[in-house]
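# Coordinates in review
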Amino acid sequence: MPTVEALPAPFTFAPESTALLVIDMQRDFLEPGGFGESLGNDVSQLRRTIAPLAAFLATWRAAGLPVIHTREGHRPDLSDCPPAKLARGLIGRPGPNGRILIRGEYGHDIIDELRPRPGEAVVDKPGKGAFYATELQELLEKGGIRSLLVTGVTTEVCVHTTVREANDRGYECLVLADCVGSYFPEFQRVGLQMIAAQGGIFGWVADSTSVTLKEQ
Ligand code: TIU
């Protein structure tokens, strides 16, 4: 089985039971005028993930391995948006890319560079974690998936929430450090440390360039 030099220890995975999870690489987080920038963030902090993730995605797809994309967002009538989230003001507001984090709007969709291919799963999620109120668990069970290579944005929000829960559900998660991003350099650094600390309390961390699909 392929083994990756990772923190806190080598990560071994069976490709046939491993999926690449691409979390929320949406215009609303990565392009100006969306949710991220409206919160006062500098979207360029996230954009450095695009090239390494596109390259890794190409390798993964070429090997015929499964890819699962997620998108954070809500129904146009906001019926799936908890009042506490709505009260913070931005969800559903009009913007240059359409209503912020609303399904079907231009800004809600995945950036062109990482557009899902036909046959790849796209999981729409109303929360930060990819398991809450979604079909993700069922998808993983049907596909016989036991391990996840985790990418996307943002490291300390949707990536962390998802990895923590995946770990509780028994999935082994390798977070690809160069393919996850935060608006806050400090959160990026500490967020990754928190995954691998304490003997890999939530999972493993490595750069995508350390992953080869061949036997080691
Ligand atoms: N604000 C922020 O850092 N992230 C989010 O709101 N959602 C995701 O991380 N996808």
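Not measured: the values here are computed from a predicted model.

Now for the UniProt feature "domain: Isochorismatase-like" (unreviewed entry) in the chain. UniProt annotation of "domain: Isochorismatase-like" (unreviewed entry) refers to residues 18-201 when read in the numbering used here. As annotated, residues 18-201 has a helix share of 36% and a strand share of 18%, and its two end C-alpha atoms lie 20 Å apart.

Let us now look at the pairing of strand E6 (residues 147-153). Across the seven residues of E6, seven count as buried, placing the element largely inside the fold. In E6, alternate side chains face the same way, and those of Ser147, Leu149, Thr151 and Val153 on one face and Leu148, Val150 and Gly152 on the other are all buried. Relative to E6, strand E3 (residues 18-23) runs parallel, the two being bridged by six bridges. By the bridge assignment for E6, Thr18 is matched with Ser147. Here E6 pairs with strand E7 (residues 172-181) via six bridges, running parallel. Counterpart to Leu148 in the pairing with E7 is Cys173.

The subject of this paragraph is the environment of Ile145. Secondary-structure assignment places Ile145 in the loop between helix H6 (136-142) and E6. Owing to 18 C-beta atoms within 10 Å, Ile145 belongs among the partly exposed residues under this scheme. Placed 92 residues apart in sequence, Ile145 and Leu53 show a C-alpha to C-alpha distance of 21 Å. If we ignore the near neighbours within four places in the chain, the residues touching Ile145 are Ser17, Thr18, Ala19 and Leu140.

Taken together, Asp24, Phe29, Leu39, Glu72, Lys128, Val153, Thr154, Val157, Cys158 and Tyr183 make up the full set of residues near the ligand. Considering only residue class, the shell around the ligand consists of six nonpolar, one polar and three charged.

What follows covers helix H8 (residues 185-200). An α-helix turns once per 3.6 residues; consequently, residues spaced three or four apart project the same way. The end-to-end C-alpha distance of H8, which contains 16 residues, comes to 21 Å, matching closely the 22 Å that a straight helix rising 1.5 Å per residue would cover. Along its length, H8 reaches its greatest deviation from straightness, about 35°, at Met194. Within H8 the residues assigned to the buried category are Gly191, Leu192, Ile195 and Ala196. On its buried side, H8 packs onto helix H7 (155-168), E7 and strand E8 (204-206).

Paired through their backbone hydrogen bonds, the strands of a sheet run either parallel or antiparallel. Judged by pairing direction, the sheet is parallel, and its six strands sit side by side in the order E5-E4-E3-E6-E7-E8 without closing on themselves. Whereas interior strands pair on both sides, the edge strands pair on one side only; in this sheet they are strand E5 (121-125) and E8. Across this sheet, the average inter-strand angle for adjacent strands is 25°, counted without regard to direction. On the sheet, helix H4 (residues 50-62) packs against E3, strand E4 (67-72), E6 and E7 and is oriented at approximately 135° with respect to E7. H8 contacts E7 and E8 of the sheet and is inclined by roughly 130° relative to E8.

Criteria and cut-off values
Residues numbered from 1 in each chain as written. Predicted model: local features only at pLDDT ≥ 70, side-chain atom pairs only at ≥ 80, totals over all residues. UniProt positions renumbered as here; feature names shortened; annotations may be inferred. Helix = DSSP H or I, 4+ residues; strand = E, 2+ residues; numbered from the N terminus. Buried ≥ 20, exposed ≤ 12 C-beta atoms within 10 Å, placed from the backbone. Pairing = 2+ DSSP bridges. Contact = placed C-beta atoms within 7 Å. Near = placed C-beta within 6 Å. Nonpolar A, V, L, I, M, F, W, Y, C, P; charged D, E, K, R; others polar. Expected span 1.5 Å × (residues − 1). Bend = angle between axes of the 7 residues up to and from the residue. Axes fitted to C-alpha atoms, helices over the stretch in contact; angles between N-to-C directions.

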